[in-house]
Number of protein chains: 2
Amino acid sequence: MIFEKVSKEELLKRIESFQLKMQEKGIVTSLIFQNVDIYYFTGTMQKSLLVIPEKGNFLFFVQKSIERAKIETPFEFEIHPGEQEIANILKKKGLTKGKIGMELDILPASTFTNWQKLLDNTDFVNIYPIIRELRMIKSGYEIEQIKKAGTIVDHVFKKAKDIIKEGITELELSATLEYEGRKLGHSGILRMRGFNQEMDNITVTHGTSGTITSYADAPILGAGLCPAVPHGSSLKKIEKYLPILIDYGACYNGYVTDETRPFVIEKLDDFFKKPYETTLQIIYKTLEIGREGTNAKDIFNSANEIVKKAHLEDFFMGYGEGKVFFIGHGIGLEINEFPVITPKHDITLKEGMVFAFEPKFIFPQKGVIGIELDFIVRKDKLERVTTTPFELQIL
Amino acid sequence: MIFEKVSKEELLKRIESFQLKMQEKGIVTSLIFQNVDIYYFTGTMQKSLLVIPEKGNFLFFVQKSIERAKIETPFEFEIHPGEQEIANILKKKGLTKGKIGMELDILPASTFTNWQKLLDNTDFVNIYPIIRELRMIKSGYEIEQIKKAGTIVDHVFKKAKDIIKEGITELELSATLEYEGRKLGHSGILRMRGFNQEMDNITVTHGTSGTITSYADAPILGAGLCPAVPHGSSLKKIEKYLPILIDYGACYNGYVTDETRPFVIEKLDDFFKKPYETTLQIIYKTLEIGREGTNAKDIFNSANEIVKKAHLEDFFMGYGEGKVFFIGHGIGLEINEFPVITPKHDITLKEGMVFAFEPKFIFPQKGVIGIELDFIVRKDKLERVTTTPFELQIL
């Protein structure tokens, strides 16, 4: 297992692309604080501040660990001299007049108001939309990392077949499959951007445990073990005939996958046959129409048509208050990247986008069925990230 | 395994205590957004907004999931009518004039500036300091949950003795022990408050993998697997004679423990004998002087004296830029609670405080040794959370 570093050339290209987008938006200087964004631009995730002007050289101030930053980033950096001193440096360089970009979607209010004062400026704009746009198109290097994360998921789904037994709990199944992924180099973290966002590495749902609605913008989050951690696998025991969904995310070298497979013991309860067949139809249709140039809305809408024909729209991607209005989401360094496959997101697919596609049905008091696959957008098709068959596994 | 809910009486007491603290600080209304804080006051962790006035009834607006909130909280609540509408309600009730409390340490800048406009107010204050003070003293119920998390840690340290073998990697050891904790009901999450904060459930460090400094305010964070996830266990193989530190946090019913045990195969390398003996002396001394009424500074200072006598001060709690200036931290729903055991924190221990105490030594190029124990402050002593011996285990 060798974790390949991102090249200096690629990092520079990312920063230059970001500067072009800053120019389009009239942003003179961006201050970048978040660990993932800093890693994306510098190759290191140390406590630091990255200052990118609209043109010319960026400034990288590292606070801690200097030792690690030296090993990890190909860039020169300065030792963080304190916030006041950085503000003075930026003022001297004339970088504090005009529109300032910050990650306002996640930067704490107290940090933000402090920097407002330090920079003596009130014109701030959220740069996450342009970072997100940039991060939406993955490089060859990034796709390679996602595919390596995919090999972990492939292993886990293979193992799942041996481990699922009547009577064991979702939690036991989770614990075992988490172990299987971790020992192959899964970092054990799935980053999700946003305030109050938490993400389990694995969620096993089965029958009613999958049907309870959640706080999150996700179709199935699991009942979890307790109100204090209201997501993830529960203590429900595995029963015959009832679909078991294993939703697994692996993180390899920072990049994540997010896939779901359905399993069942002996045979599938008749109730779930139609929604399962409908799930397959949606995937076949998406594989047929998906490629560079397809609009994300069209993927959602064609799926929705299939669902309507099957008269299952009340249960598609949740029911009642739990219904979500997307069928896919970008993945990369975080699990909630762009593109979002929803009628609200008018975006044309482009080569290098990577997204999780997850048609799922949730039937209150009954159970859940669905599939989640990660796709790489190519000129002429959608390429799969993993190789495990996506069809229902009957055990 | 039955996860006991917190009682309505206890929740009401927490809210009343919070209101008293608001009155002391002259805060007229507090808006609470963070999942953990909302859980602390309401018993549910749904997407919601909790509004606490300095006196009288609080308002609880739940957005999603209504279904779960109904099951989980003993309180009545309203369906979240949208932020503008909530602002109107608060204005009508006269709750928006005067000092407004918010969790400014973690609330995103964009959410904050939006609420500034909605409430037409500029006088905001961070309420985390008073929430932290409140959460610092644990109830009997809370201590019970922490002790249950402790039984998971006890199990894991027992298992570790069977699993540690020469030649296996830190990662394999981690994966196995994570599994052992998870199947006993560990929720697989260790919450750490703060921007860019991440916490592994387990970190195995051994020799040089433990000595690399980290971005975090922690003595040992582990080398991790890659620059994109720069913490946690590494691929280093376990060797004889070199101390192996297993730092494990379990989360039971939302409450966490955080303990470390040293292990070694065959015998301890002479180099680590003095720091190990010094670690023990620090623990004995702390057990001798720790009780309600002891100042946290005195615990730190008496430890520091022992370290100085042993001429090990350059390596205590890190070296160089990696040195941290605390020897313990509160635990509860999050892993970085109060009290902090540091000379900077002039605080008198009180019955019901719970903290992790972690004298550790880090020797560059060599390795790490230390112990971490969780203590409950009692009138006449420090009570341990776990029962596993804390001494070095020779395998």
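Each residue is numbered by its place in its chain's sequence as written, counting from 1. Lettering of chains starts at A and numbering of ligands starts at 1, both following the order in which they are written. Totals for whole chains, interfaces and linings use every residue, but because this is a predicted model, local features are given only for residues with pLDDT of at least 70 and side-chain atom pairs only at 80 or more, for both listing and counting.

Q: What's the story with the overall build of chain A in this structure? I'm lost.
A: Scanning chain A from N- to C-terminus turns up 11 helices and 19 strands. Expected size for 395 residues packed as a compact globule is a radius of gyration near 21 Å; at 22 Å, chain A falls within 12% of this value. Along the first, second and third principal axes, the C-alpha set of chain A runs to 70 × 40 × 35 Å. Put simply, a residue is buried when 20 or more other C-beta atoms lie within 10 Å of its own C-beta and exposed when 12 or fewer do; between those, it is partly exposed, and each C-beta is set from the backbone. By residue count, 53% of the 395 residues in chain A fall in the buried class. Remark: residues whose backbone-derived C-beta atoms lie within 7 Å of one another are considered to be in contact. The long-range share in chain A, meaning contacts at least 24 apart out of those at least 6 apart in sequence, stands at 69%. The helix and strand labels rest on DSSP assignments: H or I over at least four residues marks a helix, E over at least two residues marks a strand, and numbering proceeds from the N terminus. What the globule rule says is 2.2 Å times the number of residues to the power 0.38, and the radius of gyration is computed from C-alpha atoms.

Q: Could you clarify how one ought to interpret the environment of B:Gln63 in this entry?
A: All names here are of chain B. Turning to its location among the elements, glutamine 63 is positioned in strand β3 (residues 59-64). Residue classification places glutamine 63 among the partly exposed positions, given that 17 C-beta atoms sit within 10 Å. Residues in contact with glutamine 63, not counting those within four places in the same chain, are Lys47, Ser48 and His80.

Q: Would you mind showing me how to read the sheet that holds strand β6 (residues 124-126) of chain B here?
A: Hydrogen bonds between backbone atoms are what pair the strands of a sheet, whose relative direction is either parallel or antiparallel. All names here are of chain B. Criterion used throughout: strands pair if DSSP finds at least two bridges between them. With respect to topology, six strands assemble into an open sheet ordered β4-β3-β2-β1-β5-β6, the strand pairing being mixed. Strands with a single pairing partner mark the edges of an open sheet, and in this sheet they are β4 (78-79) and β6. The pairing of strand β1 (residues 27-32) with strand β5 (residues 99-102) spans three bridges and is parallel. Bridge pairing in β5 places serine 30 opposite glycine 101.

Q: Can you help me understand the sheet that holds strand β7 (residues 202-206) of chain A in this one?
A: All names here are of chain A. Taken in spatial order, the four strands line up as β7-β8-β11-β19 in an open sheet, and their pairing is mixed. Both outer strands of the open sheet, β7 and β19 (393-394), are each paired with one neighbouring strand and no more. Two strands pair when backbone bridges link them, and β7 and strand β8 (residues 244-248) are joined in this way by five bridges, in the antiparallel orientation. Across the sheet, the residue bridging to threonine 203 is aspartate 247, located in β8. Note on method: axes are straight lines fitted to C-alpha atoms, helices fitted across the in-contact stretch only, with angles between N-to-C directions ranging 0 to 180 degrees. Relative to β7, helix α8 (residues 170-182) is tilted by about 150°, and along the sheet it contacts β7 and β8.

Q: I tried to follow the relation of the copies chain A and chain B on my own but got confused; where do I start?
A: Both copies of the chain are placed relative to one another by a rotation about an axis and a shift along it. If you rotate chain A by 180° and push it 0.0 Å along the axis, it lands on chain B with an RMSD of 0.0 Å. Look at the turn and shift together and you get a two-fold axis relating the two. Most of the interface of chain A is mirrored in chain B, where 100% of its interface residues are also at the interface. Alignment of copies: least-squares fit on C-alpha atoms of residues with pLDDT of at least 70 in both copies.

Q: Which parts of the structure should I look at to understand the environment of A:Lys274?
A: Residues and elements named next belong to chain A. Note that lysine 274 resides in helix α10 (residues 273-289). Its 14 C-beta neighbours within 10 Å are what place lysine 274 among the partly exposed residues. The spacing of lysine 274 and methionine 192 is 82 residues in sequence and 33 Å in space, taken between C-alpha atoms. Each residue touching lysine 274, except ones within four places of it in the same chain, is listed here: Ala310 and Leu312.

Q: Any chance you could explain the domain arrangement of chain A here in plain terms?
A: The extent of an interface is frequently quoted as the accessible surface area lost upon association of the parts. Residue and element names in this part refer to chain A. What the domain assignment lists for chain A is domain 1 (8-135) and domain 2 (137-394). Taken over C-alpha atoms, the centre of domain 1 sits 34 Å from the centre of domain 2. Of the residues lining the interface, eight residues belong to domain 1; the matching set on domain 2 comes to 12 residues. Broken down by secondary-structure element, the contributors of at least two residues to the side of domain 1 that touches domain 2 are α2 (35-42) and α6 (128-136). Along the lines of polarity and charge, the residues of the side of domain 1 that touches domain 2 split into four nonpolar, no polar and four charged. Reported domain spans reflect what an automatic or database domain assignment gives. The residue classification treats Ala, Val, Leu, Ile, Met, Phe, Trp, Tyr, Cys and Pro as nonpolar and Asp, Glu, Lys and Arg as charged. All others, Gly included, are polar.

Q: Sorry, what's going on with the nonpolar core here?
A: Any nonpolar core is a set of buried residues, restricted to Ala, Val, Leu, Ile, Met, Phe, Trp, Tyr and Cys, that join up through C-beta atoms within 7 Å. Counting residues in each nonpolar core, the largest one holds 210 residues, and the members touching the most others are A:Ala149, A:Ile246, A:Cys251, B:Ala149, B:Ile246 and B:Cys251. When near neighbours in sequence (up to four residues on either side) are disregarded, A:Cys251 contacts A:Ala149, A:His186, A:Ser187, A:Ile189, A:Leu190, A:Val256 and B:Val229. Core analysis: the second largest hydrophobic core is formed by six residues, A:Leu171, A:Ala175, B:Leu171 and B:Tyr179 among them.

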